Amino acid sequence: MSRQKQIVSQQELDIQKENMNRVRMMNQALPAPPLALVDTYGCQQNEADSEKLRGMLAEMGYGFTTDEARADVIVINTCAVREHAEMRVLGNVGALTHTKKAKPGQIIALCGCMAQEPGMAQRIRNSYRHVDLVFGPHVVWRFPEFLLEVLEHGGRVFSTAASDGVIAEGLPARRDGTLKAWLSIMYGCNNFCSYCIVPYVRGRERSRTPEAILDEARSLIAAGCRDITLLGQNVNSYGRDLDCGVDFSDMIRRINDLDGDFLIRFMTSHPKDAGEKLFRTMAACEKAAHHIHLPFQAGSDRVLKAMNRVYDRRGYLEKVAMARSFMPDVVLTSDVIVGFPGETEAEFEQTLSLIEQVEFDALFTFIYSPRPGTPAAQMPDPVSREEKQRWFDRLLDVQNAISEKKHAAYVGSVQRVLVDGAGNGGAYNLTSRTNGGRLVHLAGPAELVGQFVQAKITGSSKWALFGEAL
Ligand code: SAH
Ligand code: SF4
Ligand code: F3S
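Given the structure is predicted, the values throughout are model-derived calculations rather than measurements.

S.K.: Looking at this model, I keep getting lost on the overall build of the protein chain. Mind explaining?
M.R.: Secondary structure assignment for the protein chain yields 14 helices and 19 strands. Here the protein chain has a C-alpha radius of gyration of 23 Å; the compact-globule value for 470 residues is 23 Å, and the two agree. Seen through its principal axes, the protein chain has C-alpha atoms that stretch 60 × 55 × 50 Å. Taking as baseline every contact in the protein chain between residues at least 6 positions apart, the subset at least 24 positions apart corresponds to 75%. With an accessible surface of roughly 20100 Å², the protein chain has 51% of that area assigned to carbon and sulfur atoms. Within the protein chain, the 57 negative side-chain charges are centred at a point lying 1 Å from the centre of the 54 positive side-chain charges.

S.K.: Explain the site of ligand 3 here, please?
M.R.: Cys 43, Asn 46, Cys 79, Ala 80, Val 81, Cys 113, Arg 202 and Gln 233 make up every residue found near ligand 3. Grouping the amino acids of the shell around ligand 3 by side-chain chemistry returns 5 nonpolar, 2 polar and 1 charged.

S.K.: Would you mind showing me how to read the site of ligand 1 here?
M.R.: Surrounding ligand 1, one finds 15 residues, the nearest of these being Gln 233, Pro 295, Gln 297, Asp 335 and Ser 369. Here Gln 233 contributes a side-chain N or O atom positioned 2.8 Å from a nitrogen atom of ligand 1. Alone, ligand 1 offers 550 Å² of accessible surface; in the complex the protein occludes 90% of this. At the level of secondary structure, the elements contributing two or more residues to the shell around ligand 1 comprise strand S13 (331–338) and strand S14 (362–367). Its residues assigned to classes, the shell around ligand 1 comprises 7 nonpolar, 4 polar and 4 charged.

S.K.: Explain the sheet that holds strand S19 (residues 465–469) here, please?
M.R.: Strands belonging to one sheet form pairs held by backbone hydrogen bonds; the direction of such a pair is parallel or antiparallel. In spatial order, the strands read S15-S16-S17-S19-S18; together these 5 strands close into a barrel with mixed pairing. Taking the axes of each pair of neighbouring strands and ignoring which way they run, one obtains an average angle of 50° across the sheet. In terms of strand pairing, strand S17 (residues 439–443) meets S19 through 4 bridges, oriented parallel. From the neighbouring strand, His 441 faces S19, where its bridge partner is Phe 466.

S.K.: What should I look at first to understand helix H2 (residues 10–28) in this one?
M.R.: Structurally, the α-helix is built with 3.6 residues per turn, so residues lying three or four positions apart point the same way. Between its first and last C-alpha, H2 extends 26 Å over 19 residues, near the 27 Å set by a 1.5 Å rise per residue. For H2, the full list of buried residues reads Leu 13, Gln 16, Asn 19, Met 20, Val 23 and Asn 27. Down the axis of H2, the smallest arc covering the buried residues is 110°, so these residues share one side. For H2, the exposed residues set more than 90 degrees away from the buried face come down to Gln 11, Met 25 and Gln 28. The secondary structure elements touched by the buried residues of H2 are helix H3 (44–59) and helix H6 (143–153).

S.K.: Please clarify how the packing of aromatic side chains should be interpreted in this entry.
M.R.: To describe a pair of aromatic rings, you give the distance between the ring centres and the angle between the ring planes. Applying the stated criterion across every chain yields a total of 12 aromatic pairs. Both rings, one in Phe 248 and one in Phe 266, keep their centres 5.0 Å apart while their planes meet at 80°; by these two values the pair is edge-to-face. Separated by 18 residues along the polypeptide, Phe 248 in helix H9 (residues 248–256) and Phe 266 in strand S11 (residues 263–267) bring together distant segments of the chain. Residue classification places Phe 266 among the buried positions, given a relative accessible area of 6%. Between Phe 296 and Tyr 316, the aromatic rings sit 5.8 Å apart at their centres with planes inclined by 50°, giving tilted as the arrangement. Here Phe 296 is found in the loop between strand S12 (291–293) and helix H11 (301–306), whereas its partner Tyr 316 is found in helix H12 (residues 313–326), with 20 residues between them in sequence. Three or more aromatic residues link up through ring pairs in this structure, and these residues are Phe 296, Tyr 311, Tyr 316 and Phe 360. Directly above the aromatic system of Phe 158 lies the positively charged group of Arg 125, at a separation of 4.0 Å from the ring centroid. Taking the ring centre of Phe 452 as reference, the NZ or CZ of Arg 416 above it sits at 3.9 Å.

S.K.: Looking at this model, I keep getting lost on the side chain of Thr 268. Mind explaining?
M.R.: With respect to the helices and strands, Thr 268 occurs in the loop between S11 and helix H10 (276–284). Since its relative accessible area comes to 16%, Thr 268 is described here as buried.

S.K.: Would you mind going over unusual backbone geometry with me for this structure?
M.R.: Leaving glycine aside, a negative phi is the common case for residues, and trans is the common case for peptide bonds. At the junction of Met 267 and Thr 268, the peptide bond is cis and its omega measures out at 0° in the coordinates. In this model, Phe 192 sits at a positive phi of 45°, which is unusual for a non-glycine residue. Mapped onto the elements, Phe 192 comes out in the loop between strand S8 (186–187) and helix H7 (198–202). Even without glycine at this site, Val 310 takes up a positive phi of about 70°.

S.K.: Hey, could you run me through the sheet that holds strand S1 (residues 35–40) in this one?
M.R.: The 6 strands lie next to each other as S2-S1-S3-S4-S5-S6, forming an open sheet whose pairing is parallel. Strands at the two margins of the open sheet, each flanked by one partner only, are strand S2 (63–64) and strand S6 (157–159). Summarising the sheet, S1 and strand S3 (residues 73–78) pair through 5 bridges and their orientation is parallel. Each residue of the ladder has a partner; that of Leu 37, found in S3, is Ile 74. Here helix H4 (residues 83–102) sits on the sheet and contacts S3 and strand S4 (107–112); the angle it forms with S3, its principal contact strand, is near 175°.

Scoring rules and cut-offs
Residues numbered from 1 in each chain as written. Chains lettered and ligands numbered in written order. Predicted model: local features only at pLDDT ≥ 70, side-chain atom pairs only at ≥ 80, totals over all residues. Heavy atoms only, no water. Helix = DSSP H or I, 4+ residues; strand = E, 2+ residues; numbered from the N terminus. Rg over C-alpha atoms; globule rule 2.2 N^0.38 Å. Contact = heavy atoms within 4.5 Å. Areas by Shrake-Rupley, 256 points an atom, 1.4 Å probe, with all protein chains shown as cover. Lys, Arg positive; Asp, Glu negative; His and termini not counted. Charge placed at Lys NZ, Arg CZ, Asp CG, Glu CD. Near = heavy atom within 4 Å. Nonpolar A, V, L, I, M, F, W, Y, C, P; charged D, E, K, R; others polar. Polar contact = N/O pair within 3.5 Å; in protein donor to acceptor, adjacent residues only side chain to side chain. Pairing = 2+ DSSP bridges. Axes fitted to C-alpha atoms, helices over the stretch in contact; angles between N-to-C directions. Expected span 1.5 Å × (residues − 1). Buried < 20%, exposed > 50% of the residue type's maximum accessible area, 1.4 Å probe, protein only. Arc of directions from axis to C-beta. Phe/Tyr/Trp six-rings, centres within 6.5 Å; stacked < 30°, edge-to-face > 60°. Lys NZ or Arg CZ within 6 Å of the ring centre and 35° of its normal.

Pasting the structure below:
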């Protein structure tokens with residue numbers, strides 16, 4: 001698709017602004033502002049979309065609630081990456097029949113990646129009749145139009161046509177707090193890992209322009225943001241579709257050059273094209289956090305090939321070594337899938353040995369979940385769920401021991417942390433994060449929230465560090 005066709009035009013955006021005005025006028029005529037609830041599943045991309053949905057709802061005159069029974073509009077922003085997440089959503093959507101019965105006129109919307117899955121809209125249409133509005137991730141920017149349609153004419157709206165995806169700039173966003181922010185730099189994915197549904201529901205890779213990203217970064221920093229996470233399914237592909245000679249490393253450097261005291265984080269980095277330029281740039285840019293989330297998925301070359309990950313074990317380990325040579329203090333985290341179709345116990349043990357070799361700071365671990373329409377879902381999968389669960393538990397034991405050891409090594413050191421909130425009470429009354437993103441339960445005065453401070457690390461567990469503000 002041409003770049004021009006990907007960009008939602010100003011004229012189309014203006015129509016949505018007009019729709020927002022019309023909904024706001026309807027809402028202003030009510031005795032009290034109506035309330036909305038946006039419930040988010042899945043990854044940070046979805047969180048970022050929810051911030052836009054909330055931004056548009058606020059513009060349309062809605063207040064917010066966390067109580068389903070009081071909400072006039074409920075938006076469920078869904079994830080399709082594993083079956084478990086879908087079952088949870090469908091269960092929760094089913095339960096909303098009761099709130100709707102008690103509050104006729106309540107509008108229920110389902111959006112996000114699940115809505116874009118083939119067959120899902122039909123399933124909702126037939127079996128979840130209390131859902132008024134279903135729309136996919138490609139048309140989030142048209143939410144005001146859909147909502148207006150339901151408000152004015154009743155009936156149900158479905159908008160889930162297949163698309164390679166678009167870029168809609170300038171939508172209002174409503175963020176929770178100012179200290180940390182997600183900043184999408186690109187959308188979609190071209191990688192088609194054989195187990196993964198994301199490329200089918202999120203369209204092809206498309207990058208926002210450097211100017212749009214820098215403008216957003218500037219306004220976040222001006223608003224007090226101290227921790228910016230650049231988002232994309234594979235941020236290392238940033239700019240390839242733009243032909244403007246700016247790649248991801250260049251973008252880190254440009255953001256680093258903006259005035260202000262803040263940290264730059266990013267996710268996710270695909271190992272196939274993380275490399276020397278990226279690591280060198282991270283090491284050279286003082287605002288770039290020394291943290292890389294570098295999903296390896298599996299330790300066996302045969303499985304990696306079947307997953308269509310395009311790198312092998314050796315290549316992965318070389319990237320890790322290179323990252324560490326540029327940043328000896330780099331924090332490494334990763335994603336791993338246990339029980340990919342056809343994975344044998346010996347192959348699983350190669351995953352274990354890779355984990356032991358690298359010693360990740362933390363891991364996000366998943367048991368393989370077949371996704372209809374993906375190549376892996378057609379592959380023979382003889383290993384039982386129980387067996388996969390046993391492998392999974394072994395993996396957790398190995399990683400927990402590593403995390404515990406890594407965390408213990410911090411004790412006695414002094415770390416620069418960003419204090420991001422109040423803790424759960426007790427001696428450690430604050431929460432904070434190291435440059436590498438590790439959680440530190442902190443003892444210190446409440447006024448430190450929002451500041452970078454030096455913290456003496458005094459204790460550790462599998463999950464976190466403990467310390468005192470200096
Ligand atoms: N773009 C990112 C991943 C996004 S999905 C990347 O390539 O690294 C987040 C994680 O979910 C993946 O890294 C993978 O570990 C896991 N995942 C994706 N599809 C899955 C499936 N079908 N079953 C189990 N885990 C899956
Ligand atoms: Fe899914 Fe692979 Fe794309 Fe990540 S890179 S979103 S795992 S297809
Ligand atoms: Fe889920 Fe969609 Fe993200 S499938 S992981 S919410 S891109």
